[in-house]
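Observations on the three-dimensional arrangement
This is what each chain is made of:
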Amino acid sequence: MKVLLVEDDAMLGEVTRQGLKQEGYATDLVANIEYAESALLTQNYDVVILDLGLPDGNGINILKKLRKKEDKTPVIILTAQNTIKDRVKGLDAGADDYLAKPFDIEELCARTRALHRRNIENPSPIISYKDIILDPTSYQVIKNNKNITLGPKEFVILQTLIEKAGKIISKEVLQEKLYSFDDDISSNTVEVHVHRLRKKLGNDIIKNIRGVGYIAPQ
Ligand code: CA
């Protein structure tokens, strides 16, 4: 799962990014509206976490632009301006949730998960696919009633493919899910994780469509 975090307080931004990373979210951290908008143009995000007081304006403008384009990416507003008026303004502009500073990182992660679930039109936290059950809240995978341990990156790849079962997902999209801008991307990383997933869950779990991408067959 890929998150865009827009926060100009460098320390808070980094602490939040690390917290999200520990939960398995690849997070791009940007500190102003300009960078946020170019990130949104070039990447696909599952959730946007948005501070309002930014050096080049009010973060709410990013949200308004997204909604004007009918982009429904879930947005959590993160701000110290926790008055009812600001909350209403944010929600009116199309925010999906609102968290006042100081906040608990675990609460932010739980809300991020909840919004992502809503966005994939699957209100149940449990994702099932053939004889496999995935629980994104605990990273638990059960196959044939047996617990299978997956690394966070393997989990993200499997979840992405299963959520869109029957559709081909390109290697680039899978790579994007795994890394933030500042992480080194090695060209065979996705292959390595797919190989491990097949070893753990069986060869037929993921098909490779040569030159196009990967698919979890329906
Ligand atoms: Ca700020």
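Here the structure is shown first, and the text comes after it.
Residues numbered from 1 in each chain as written. Predicted model: local features only at pLDDT ≥ 70, side-chain atom pairs only at ≥ 80, totals over all residues. Heavy atoms only, no water.

1. A word on the packing of helix α7 (residues 171–178) against helix α8 (residues 189–201)
Basically, it comes down to this: Here, axes are lines fitted to C-alpha atoms. For helices the fit covers the stretch in contact, and angles between N-to-C directions go from 0 to 180 degrees. Runs of E in the DSSP output that reach at least two residues are strands. Runs of H or I that reach at least four are helices, and both are numbered from the N terminus. Under this scheme an angle from 65 to 115 degrees is roughly perpendicular, one under 35 degrees roughly parallel, and one over 145 degrees roughly antiparallel; angles in between are oblique. Only heavy atoms enter the contact rule, under which two residues are in contact if any of them lie within 4.5 Å. Basically, the charged four are Asp, Glu, Lys and Arg, the nonpolar ten are Ala, Val, Leu, Ile, Met, Phe, Trp, Tyr, Cys and Pro, and anything else, Gly included, counts as polar.
The contact between α7 and α8 brings their axes to 9 Å, and the two run at 90°. Of the possible angle classes, the one that applies to α7 and α8 is roughly perpendicular. Of α8, the residues touching α7 (which contributes K171, L174, Q175 and L178) are V190, E191 and H193. Considering only residue class, the contact of α7 with α8 consists of three nonpolar, two polar and two charged.

2. Quick notes on the coordination of the calcium ion
Note the threshold: The donor set comprises N, O and S atoms within 2.8 Å of the metal, extended to 3.2 Å for Na, K and Ca; water molecules are omitted, so apparent gaps in a site may simply reflect that omission. Accessible area is worked out with a 1.4 Å probe on protein chains only. A residue is then buried under 20% of its type maximum, exposed over 50%, and partly exposed in between.
The protein atoms that coordinate the calcium ion are D8 (OD), D51 (OD) and G53 (O), at distances spanning 2.2 to 2.4 Å. Here the donor residues of the calcium ion share one chain and are spaced in sequence as D-x42-D-x1-G. Judged by relative accessible area, which is 3%, D51 ranks as buried.

3. Focus on the nonpolar core
Nonpolar side chains tend toward joint burial in soluble globular proteins. Selection rule: Residues belong to one nonpolar core when they are buried, are Ala, Val, Leu, Ile, Met, Phe, Trp, Tyr or Cys, and are joined through side-chain atoms within 4.5 Å.
One finds L134, V141, I157, L158, L161 and L201 to be the most contacted residues of the largest nonpolar core, which totals 26 residues. For this core, the secondary-structure elements that each account for two or more residues are β8 (127–129), β9 (132–135), α6 (152–163), α7 and α8. With six residues, the top contributor of residues to this core is α6. Beyond its immediate sequence surroundings of up to four residues, V141 is in contact with I132, I133, L134, K146, N147, I148, L150, F155 and L201. Grouped together as the second largest cluster of nonpolar side chains are 21 residues, I33, L52, I60 and A95 included.

4. Some words on the pairing of strand β6 (residues 75–79)
Filter applied, for reference: When DSSP finds two or more bridges between a pair of strands, those strands are recorded as paired.
For β6, the tally of buried residues reaches five of five residues, placing the bulk of the element in the interior. With burial as the criterion, each face of β6 is covered, one bearing V75, I77 and T79 and the other bearing I76 and L78. Here strand β3 (residues 47–51) pairs with β6 via four bridges, running parallel. Bridge pairing in β6 places V48 opposite V75. As judged from the four bridges shared by β6 and strand β7 (residues 97–100), these two strands associate in the parallel manner. Residue pairing in the sheet places L78 in a bridge with L99 of β7.

5. Observations regarding the pattern of salt bridges
Applicable threshold: Each salt bridge in this description consists of a side-chain nitrogen of Lys or Arg and a carboxyl oxygen of Asp or Glu lying within 4 Å of one another.
On inspection of all chains with the given rule, the structure shows 13 salt bridges. Ionic pairing is found between K65 and E37, a salt bridge with its closest N-O pair at 3.3 Å. Of this pair, K65 sits in helix α3 (residues 60–68) while E37 is found in helix α2 (residues 33–42), placing the two residues 28 residues apart along the sequence. Three or more residues joined by partner-sharing salt bridges are found here, namely E7, D51 and K101.

6. Brief notes about the packing of α6 against α8
The N-to-C vectors of α6 and α8 enclose an angle of 85°; their axes lie 9 Å apart at closest approach. Here α6 lies roughly perpendicular to α8, going by the angle between them. Side by side, α6 and α8 meet where K153, E154, I157 and L158 of the first sit next to V190, H193, V194, R196, L197, K200 and L201 of the second. Of the residues belonging to the contact of α6 with α8, the class tally is six nonpolar, one polar and four charged.

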